[in-house]
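Secondary and tertiary structure notes
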Amino acid sequence: MSIENLSNGPTSITTRQIKAARALLGWSQEDLAERSAVSEPTIARLEAEDGPLGGRPETVMKIINALVAAGIEFILENGGGPGVRQIKIPSALR
């Protein structure tokens, strides 16, 4: 799911998807905090809950934007379950 499609409802992104995205990128919570400008304790708190990613909409979008910019594509529930995948980003956009 591209960042444009996330405007239809970023709250449908789950904490498990965020953790899976970090795992694909090899990022720690600290790495995500640095790249999203969201504090590490906030990321830890949000990831501690299961289900939809909670928090303020601005905070959620900062986290999602950082992951999308790094090449993560979010796959929403489509009968097979939500997920993530890593896409190739053209070097000119890195």
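Residues numbered from 1 in each chain as written. Predicted model: local features only at pLDDT ≥ 70, side-chain atom pairs only at ≥ 80, totals over all residues. Heavy atoms only, no water.

**Section: the overall build of the chain**
Of the regular secondary structure elements, the chain holds 4 helices and 2 strands. Across the 94 residues in the chain, those meeting the buried criterion constitute 37%. Taking contacts inside the chain between residues at least 6 apart in sequence as the whole, the part at least 24 apart equals 57%. Approximately 5600 Å² of the chain is accessible, and the part contributed by carbon and sulfur atoms is 51%. (Helix = DSSP H or I, 4+ residues; strand = E, 2+ residues; numbered from the N terminus. Buried < 20%, exposed > 50% of the residue type's maximum accessible area, 1.4 Å probe, protein only. Contact = heavy atoms within 4.5 Å. Areas by Shrake-Rupley, 256 points an atom, 1.4 Å probe, with all protein chains shown as cover.)

**So, the pattern of salt bridges**
Applying the stated criterion to the full structure yields 4 salt bridges. Two residues, Asp50 and Arg16, come together in a salt bridge whose shortest N-O distance is 3.0 Å. Of the two residues, Asp50 sits in the loop between helix H3 (40-48) and helix H4 (57-69) while Arg16 sits in helix H1 (residues 15-25), which places them 34 residues apart along the sequence. The pair Asp50 / Arg16 is uniform in exposure class, with both members exposed. Here Arg85 and Glu73 are joined by a salt bridge, their closest N and O atoms 2.8 Å apart. Highlighted residues: Arg85 in strand E2 (residues 83-86) and Glu73 in strand E1 (residues 72-75), separated in sequence by 12 residues. (Salt bridge = Lys/Arg side-chain N within 4 Å of Asp/Glu carboxyl O.)

**Topic: H1**
Those residues of H1 that fall on the buried side of the exposure criterion are Thr15, Gln17, Ile18, Ala21, Arg22 and Leu25. The buried residues of H1 occupy an angular sector of 160° when the element is viewed end-on, so they sit on one face. The exposed residues of H1 that point more than 90 degrees off its buried face are Arg16 and Ala23. Along its buried surface, H1 packs onto helix H2 (29-36), H3, H4, E1 and E2. (Arc of directions from axis to C-beta.)

**With respect to H2**
Taken together, the buried positions of H2 are Leu32, Ala33 and Ser36. All buried residues of H2 project into a common sector of 105° when viewed along the axis, lining one side. Turning to H2, the residues buried within the fold contact H1, H3 and H4. A side-chain oxygen of the first residue of H2 lies 3.2 Å from the backbone nitrogen of Glu30; this N-cap is Ser28. The positive-phi residue at the C-terminal boundary of H2 is Ala37, with phi of around 60°. (Polar contact = N/O pair within 3.5 Å; in protein donor to acceptor, adjacent residues only side chain to side chain.)

**Structural notes on unusual backbone geometry**
We note that Ala37 has phi near 60°; this positive angle belongs to a residue other than glycine. With respect to the helices and strands, the residue Ala37 is situated in the loop between H2 and H3.

Note that all results are geometric; they support no functional claim without further evidence.
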